[in-house]
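# Residue-level structural notes
Below, each chain spelled out in residue letters.
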Amino acid sequence: MVKPLISIIIPVFNASDTIEDCLSSAINQTWQNREIIVIDGGSEHATLEKIKSYSSQISHFSSEPDQGVY
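A few points on the structure. In this text, all values refer to a predicted model and were calculated from it rather than measured experimentally.

## Some thoughts on the packing of helix 1 (residues 19–27) against helix 2 (residues 45–52)
Between helix 1 and helix 2, the least distance of the axes is 10 Å, while the angle of their chain directions is 20 degrees. With respect to helix 2, the axis of helix 1 lies roughly parallel. Both helix 1 and helix 2 take part in a crossing whose hand is right-handed. On helix 2, the residues touching Ile19, Glu20 and Leu23 of helix 1 are Thr47, Lys50 and Ile51. Split into classes, the residues belonging to the contact of helix 1 with helix 2 amount to 3 nonpolar, 1 polar and 2 charged.

If you want it as structure tokens, here you go:
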């Protein structure tokens, strides 16, 4: 039986203090058939660098200015 794919979607904007904890938590989930999607609202350097350090474990990453999470 194929396990369903679980998508973990992480919206972020200038969260350099918390993004590593969030990504680490998503990566360390026991469900194997999962994807991690990070949608960034145009963050500054520190947040982007931390996200990029996890790039091998992120399925999709997008960073562009937006109107906010709503």
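Moving on, there is more to tell.
## Here's the deal with the pairing of strand 3 (residues 60–63)
Sheet topology places strand 2 (residues 34–40) next to strand 3; 4 bridges connect them, and they run parallel. Within strand 3, the residue paired with Val38 across the bridge is Phe61. Once the chain exits strand 2 it traverses helix 2 before rejoining the sheet at strand 3, and the crossover so formed is right-handed.

## Notes on the sheet that holds strand 2
Whether parallel or antiparallel, the strands of a sheet pair through hydrogen bonds between backbone atoms. Taking strand neighbours across the sheet as the criterion, the 3 strands line up as 1-2-3 in an open arrangement whose pairing is parallel. The sheet is open, and its two borders are formed by strand 1 (6–12) and strand 3, each paired with just one other strand. Between one strand axis and the next, the sheet turns through 10 degrees on average, direction left out of account.

## Digging into the packing of aromatic side chains
A complete count under the given rule lists 0 aromatic pairs for this structure. Directly above the aromatic system of Trp31 lies the positively charged group of Lys3, at a separation of 4.9 Å from the ring centroid.

## Concerning helix 2
Of all the residues in helix 2, the buried ones are Thr47, Leu48 and Ile51. Looking down the long axis of helix 2, one finds its buried residues gathered within 95 degrees of arc, a one-sided arrangement. Buried positions along helix 2 lie against strand 1, helix 1, strand 2 and strand 3.

## Topic: the side chain of Ser43
For Ser43, the position within the fold is in the loop between strand 2 and helix 2. One polar contact links the side chain of Ser43 to the main-chain amide nitrogen of Asn14, over a distance of 2.6 Å. A polar side-chain atom of Ser43 sits 2.4 Å from a polar atom in the side chain of Asp40. Sequence-distant contacts of Ser43, that is, excluding residues within four places in its chain, are made with Val12, Phe13, Asn14, Leu48 and Ser63.

About the cut-offs
- Residues numbered from 1 in each chain as written.
- Predicted model: local features only at pLDDT ≥ 70, side-chain atom pairs only at ≥ 80, totals over all residues.
- Heavy atoms only, no water.
- Axes fitted to C-alpha atoms, helices over the stretch in contact; angles between N-to-C directions.
- Helix = DSSP H or I, 4+ residues; strand = E, 2+ residues; numbered from the N terminus.
- Parallel < 35°, antiparallel > 145°, perpendicular 65-115°, else oblique.
- Left-handed = near helix turned anticlockwise from the far one by under 90°.
- Contact = heavy atoms within 4.5 Å.
- Nonpolar A, V, L, I, M, F, W, Y, C, P; charged D, E, K, R; others polar.
- Pairing = 2+ DSSP bridges.
- Right-handed = clockwise from strand over helix to strand, strands pointing away.
- Phe/Tyr/Trp six-rings, centres within 6.5 Å; stacked < 30°, edge-to-face > 60°.
- Lys NZ or Arg CZ within 6 Å of the ring centre and 35° of its normal.
- Buried < 20%, exposed > 50% of the residue type's maximum accessible area, 1.4 Å probe, protein only.
- Arc of directions from axis to C-beta.
- Polar contact = N/O pair within 3.5 Å; in protein donor to acceptor, adjacent residues only side chain to side chain.

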